[in-house]
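Tertiary structure, described
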Amino acid sequence: MAKTKSEIRFIFYAVSIFICYFIFGMLQEKINRGKYGNERFTCTLSLVLITCLVNYIFAKILMLSWKHEKDTTRTAYYFSSALTYLLGMVTSNMALQWVNYPTQVVGKAAKPIPVMILGVLIGRKVYPLKKYFFVFLIVSGVVLFMFKDQAKNATDYQQFGIGEILILLSLTMDGLTGAVQERIKSESSPTAYAMMLNTNWWSTIIVSLGVVLSGEIFKFISFVTIHPEIIIYLTGFAFTGALGQLFIFYMVSEFGPLPCSVVTTTRKFFTVLASVIIFGNVLYPRQWFGAILVFSGLFLDIFYSKGKSQPTKRELNK
Ligand SMILES: Nc1ncnc2c1ncn2[C@@H]1O[C@H](COP(=O)(O)OP(=O)(O)O)[C@@H](O)[C@H]1O
């Protein structure tokens, strides 16, 4: 019975993440890759500051409404996961100044891999061998499905450059965030709200310093004054991000960072799949193969990994 309930919650969180981040993704592209007059928006730190601040306020409001158990998580854990979470966002948004949106999304679709590897090396998590295989199937399927063939024109051919390095850095940061979250989850099992509140509190402080010390704040204010139309995108971006993040933290605190990254990665796949179906585009054989890999990986994972996860300390103490 409890099992079915937790499965229903998993599906509910996953669908909510899909919906929120679908809108979030469109706005992210609009903000980072859109043209404003003949200018581009490049205030990445300010953008991340808005995200963290709104996430913090959102969690704070939610926490006001009911009583919570005392959170015993070490501040050093929250601080380090906040720092890597922040660097992960800064580098992935910065990458968009060098590579286009599909390239960034395909690159970041590999997220479950660093989350898994660093979760084992640093987060003290143990996975059965088959779990590596299923995750590998899902990630390779998503990447195959979304990967765009290189442009035939030699001048369009892009070298491995700053954008790609930023994506790799971002993936490493995401993996480290997951690893620290894994430890938090197993040592003190805080609520989703407490995790969201503390992570965003520390990241807001760190990124505020960055925005002020780098002087980006002035550039941001002048950009918004000249192009006020961006405010509506920024508002929508922050709001859908905060709502989506609430479900992300529900997922992380209840099921862990790996299932969470598998959901966010398949979300990207389903977004592209839906647009292919809606616009009646034909799938290339490579995409068919990718889709089969994704569905096989998901299917196998659901049927063979069920109930095999390590219980948390709190569950053991119950
Ligand atoms: N484990 C996590 N802990 C905290 N925040 C997360 C986590 N996973 C995702 N997020 C938040 O959700 C946003 C979207 O994540 P995701 O869909 O994986 O896309 P991205 O490729 O931008 O990382 C991230 O920018 C981050 O703010």
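Residues numbered from 1 in each chain as written. Predicted model: local features only at pLDDT ≥ 70, side-chain atom pairs only at ≥ 80, totals over all residues. Heavy atoms only, no water.

**Describing the overall build of the chain**
Selection criterion: Counting from the N terminus, the helices are the DSSP runs of H or I reaching at least four residues and the strands are the DSSP runs of E reaching at least two. In this description the radius of gyration comes from C-alpha coordinates, and the expected globular size is given by 2.2 Å times residues to the power 0.38. Relative accessible area decides the class of each residue, using a 1.4 Å probe on protein chains only: under 20% of the type maximum gives buried, over 50% gives exposed, and in between gives partly exposed. The protein chains shown are the only cover counted for residues, whose accessible areas, like all others here, come from Shrake-Rupley with a 1.4 Å probe. Residues counted as positive are Lys and Arg, residues counted as negative are Asp and Glu, and His and the chain ends are not counted. Lys charges are placed at NZ, Arg charges at CZ, Asp charges at CG and Glu charges at CD.
Counting its regular elements, the chain contains 13 helices and zero strands. From first element to last, N terminus to C terminus, the chain shows the α and β order α-α-α-α-α-α-α-α-α-α-α-α-α. Its C-alpha atoms give the chain a radius of gyration of 20 Å, near enough to 20 Å, the size a compact globule of 318 residues would have. The principal-axis extents of the C-alpha atoms in the chain amount to approximately 60 × 50 × 35 Å. Looking at the chain as a whole, 48% of its 318 residues are labelled buried. Looking at the chain as shown, the accessible area adds up to about 16,500 Å², and 70% of this sits on carbon and sulfur atoms. Of note, the chain has its 30 positive side-chain charges centred 6 Å away from the centre of its 16 negative side-chain charges.

**Focus on the UniProt feature "transmembrane region" (unreviewed entry) in the chain**
Put simply, the rule reads: UniProt positions are given in the numbering used here, feature names are shortened, and annotations may be inferred rather than shown by experiment.
Sequence positions flagged by UniProt for "transmembrane region" (unreviewed entry) are, in local numbering, residues 7-24, 44-64, 76-99, 129-147, 159-180, 201-224, 230-253 and 288-304. For residues 230-253, the helix share is 100%, the strand share is 0%, and the end-to-end C-alpha distance is 34 Å.

**With respect to helix α5 (residues 112-121)**
The cut-off we apply is this: Any two residues whose heavy atoms approach within 4.5 Å at even a single point are treated as in contact.
Buried within α5 we find Pro112, Pro114, Val115, Met116, Leu118 and Gly119. At its buried positions, α5 is contacted by α6 (129-146), α7 (162-187) and α11 (257-278).

**Thoughts on the site of the ligand**
So the rule is basically this: Any residue with a heavy atom positioned within 4 Å of a molecule or strand is treated as near that molecule or strand. Side-chain atoms alone can form a polar contact between residues adjacent in sequence; in general such a contact is a pair of N or O atoms within 3.5 Å, and within protein one must be able to donate a hydrogen while the other accepts it.
Neighbouring residues of the ligand: 13 residues in total, closest Tyr21, Lys108, Lys111, Gln181 and Lys268. Within the side chain of Lys111, a nitrogen or oxygen atom sits 2.7 Å from an oxygen atom of the ligand. Within the side chain of Thr264, an N or O atom sits 3.2 Å from an oxygen atom of the ligand. Here the ligand loses 90% of its free accessible area of 530 Å² to cover by the protein chains. Those elements that provide at least two residues to the shell around the ligand are α3 (75-95), α10 (230-255) and α11. With four residues, α10 is the largest single contributor of residues to the shell around the ligand.

**Notes on the pattern of salt bridges**
To be explicit about the condition: Basic side-chain nitrogens of Lys or Arg form a salt bridge, by our definition, when they fall within 4 Å of a carboxyl oxygen of Asp or Glu.
The tally for this structure, following the rule as stated, stands at six salt bridges. Between Asp174 and Lys108 there is a salt bridge whose closest N-O contact spans 2.7 Å. Linking Asp174 in helix α7 with Lys108 in helix α4 (residues 101-108), this pair joins segments that are 66 residues apart in sequence. Across the pair, Lys108 and Asp174 agree in class, each one buried.

**Quick notes on the confidence of the model for the chain**
Convention followed: Per-residue confidence from the predictor is reported as pLDDT, which spans 0 to 100.
Looking at the chain as a whole, its pLDDT mean stands at 88, while 92% of the residues score no less than 70. The low-confidence segment residues 310-318 (pLDDT under 50) makes 10 contacts with residues lying over four places distant or belonging to another chain.

**Observations concerning the nonpolar core**
Stated formally: Buried Ala, Val, Leu, Ile, Met, Phe, Trp, Tyr and Cys residues form a nonpolar core when they are joined through side-chain atoms within 4.5 Å.
Grouped together as the largest cluster of nonpolar side chains are 40 residues, with contacts concentrated most on Ile17, Ile31, Phe41, Ile230, Tyr250 and Met251. Taken together, the elements giving at least two residues each to this core come down to α1 (2-33), α2 (44-64), α3, α7, α8 (192-213), α9 (216-226), α10 and α11. Per-element tally for this core: the top contributor is α10, with 11 residues. Contacts of Tyr250, omitting those with residues within four sequence positions, involve Tyr13, Ala192, Tyr193 and Phe255.

**Some words on a nonpolar patch on the surface**
Note the threshold: Within the patch definition used here, like charges are joined within 9 Å and nonpolar side chains (Val, Leu, Ile, Met, Phe, Trp, Tyr) within 5 Å, considering only residues with over 30% relative accessible area and no salt bridge.
A grouping of Ile11, Val15, Ile19, Phe22, Ile23 and Met26 is seen on the molecular surface, where their side chains present a nonpolar patch of about 550 Å² in accessible area. Along the chain, the position of Val15 falls in helix α1. For Val15, a relative accessible area of 43% puts it in the partly exposed group.

**With respect to the packing of α3 against α7**
To describe two helices that pack against each other, one gives the angle between their axes and the distance between the axes. Here is the rule we go by: The angle between two axes is taken between their N-to-C directions and runs from 0 to 180 degrees, where each axis is a line fitted to C-alpha atoms and a helix contributes only its stretch in contact. In this scheme, roughly parallel covers angles under 35 degrees and roughly antiparallel covers those over 145, while 65 to 115 is roughly perpendicular and the rest are oblique. Note: crossing handedness is left-handed where the near helix turns anticlockwise from the far helix by less than a right angle, and right-handed where it turns clockwise. Only Asp, Glu, Lys and Arg are considered charged, only Ala, Val, Leu, Ile, Met, Phe, Trp, Tyr, Cys and Pro nonpolar, and every remaining residue, Gly among them, polar.
Between α3 and α7, whose axes approach to 8 Å, the crossing angle comes to 155°. Classified by the angle between their axes, α3 and α7 sit roughly antiparallel to one another. Of the two possible hands of crossing, α3 and α7 adopt the one that is left-handed. Taken together, the residues of the contact of α3 with α7 break down into 13 nonpolar, nine polar and three charged.

**A word on the packing of aromatic side chains**
We apply this condition: Working definition: a ring pair exists when centres of Phe, Tyr or Trp rings (six-membered ring for Trp) sit within 6.5 Å. Plane angles under 30 degrees give stacked, over 60 give edge-to-face, the rest tilted.
The full count for this structure, using the stated rule, is 23 aromatic pairs. The interplanar angle of 80° and the centroid separation of 4.9 Å between the aromatic rings of Tyr21 and Phe24 together place this pair among those described as edge-to-face. A residue pair is termed a helical-turn pair when its members lie 3 or 4 positions apart in one helix, as Tyr21 and Phe24 do in helix α1 at three residues. Judged by centre distance (6.2 Å) and plane angle (80°), the rings of Phe41 and Phe220 are edge-to-face. With Phe41 in the loop between α1 and α2 and Phe220 in helix α9, the pair connects residues that are 179 residues apart, well separated along the chain. For Phe41, a relative accessible area of 1% translates into the label buried. Taking the relative accessible area as the measure of exposure, Phe220 reaches 15% and is therefore buried.

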